[in-house]
Amino acid sequence: MSDIKQQIFQELNALEESASRLRATAVNAGKQTDLEVAILTEQVKTLRDKNAKAYEMVNESISILKKLK
C-alpha cells in the first residue's frame, strides 16, 4: 500500500511540474505575442506616415505640373 501511495505522489509531482512548465510556456508566449504586436503596430504607424508624406508630395507635384501647363 505504501508503494502505491508513493507512486501516486510521484505522479502528482510530475503532473505539477508539467503544469508549471506549461504555465511558464504560456506566459512567455503571451509576452512574445505582445512584443510582436507592438513591433507590428509601430511598423504600421511608420508606413502610414510615409504614405501620407508620399500622398502630399504627389499632390504637390500634380499642382506644379498643372501650373506649368
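Structure shown above.
Once a new chain begins, its residue numbering starts again from 1 and follows that chain's sequence as written. Confidence filtering applies because this is a predicted model: local features only for residues at pLDDT of at least 70, side-chain atom pairs given and counted only at 80 or more, and all residues used for totals across whole chains, interfaces and linings. Each side-chain value is derived from all of the structure's non-hydrogen atoms; neither hydrogens nor water enter the calculation.

## Here we look at the overall build of the chain
- Helix and strand definitions here come from DSSP, where helices need a minimum of 4 consecutive H or I residues and strands a minimum of 2 consecutive E residues; each element is numbered from the N-terminal end. Of the regular secondary structure elements, the chain holds 1 helix and 0 strands.
- For the chain, the C-alpha radius of gyration of 30 Å lies well beyond 11 Å, the compact-globule estimate for 69 residues.
- Principal-axis analysis of the C-alpha atoms gives the chain an extent of 100 × 10 × 5 Å.
- Put simply, the chain has 69 residues, and 0% of those count as buried.
- Residue burial considers only the protein chains on display, and all accessible areas are found by Shrake-Rupley using a 1.4 Å probe. Summed over all atoms, the accessible surface of the chain reaches about 6700 Å², with 61% contributed by carbon and sulfur.
- Charge convention: Lys and Arg are scored as positive, Asp and Glu as negative, and His as well as the terminal groups of each chain are ignored. Every charge is mapped onto a representative atom, which is NZ of Lys, CZ of Arg, CG of Asp or CD of Glu. Looking at charge distribution, the chain has the averaged site of its 11 positive side-chain charges lying 15 Å from that of its 10 negative ones. The size measure is the radius of gyration over C-alpha atoms, and the globule rule it meets is 2.2 Å times the number of residues to the 0.38 power. Accessibility here uses a 1.4 Å probe with only protein chains present; expressed as a share of the type maximum, an area under 20% marks a residue as buried, one over 50% as exposed, and anything in between as partly exposed.

## Details of the pattern of salt bridges
- We define a salt bridge as a side-chain nitrogen of Lys or Arg found within 4 Å of a carboxyl oxygen belonging to Asp or Glu. For the structure shown, the criterion picks out 1 salt bridge.
- Close ionic contact of Lys-45 with Asp-49 constitutes a salt bridge, the shortest N to O distance being 3.5 Å. Note that Lys-45 and Asp-49 are positioned in helix H1 (residues 2-68) at a spacing of 4 residues, about one turn of the helix.

## Some details on the environment of Gln-32
- In this fold, Gln-32 is placed in helix H1.
- Note on Gln-32: relative accessible area 40%, which makes it partly exposed.
- Separated by 22 residues in sequence, Gln-32 and Ala-54 have C-alpha atoms that sit 33 Å apart.

## Brief notes about the environment of Ala-24
- Mapped onto the elements, Ala-24 comes out in helix H1.
- C-alpha of Ala-24 to C-alpha of Glu-42: the two residues are 18 residues apart in sequence and 27 Å apart in space.

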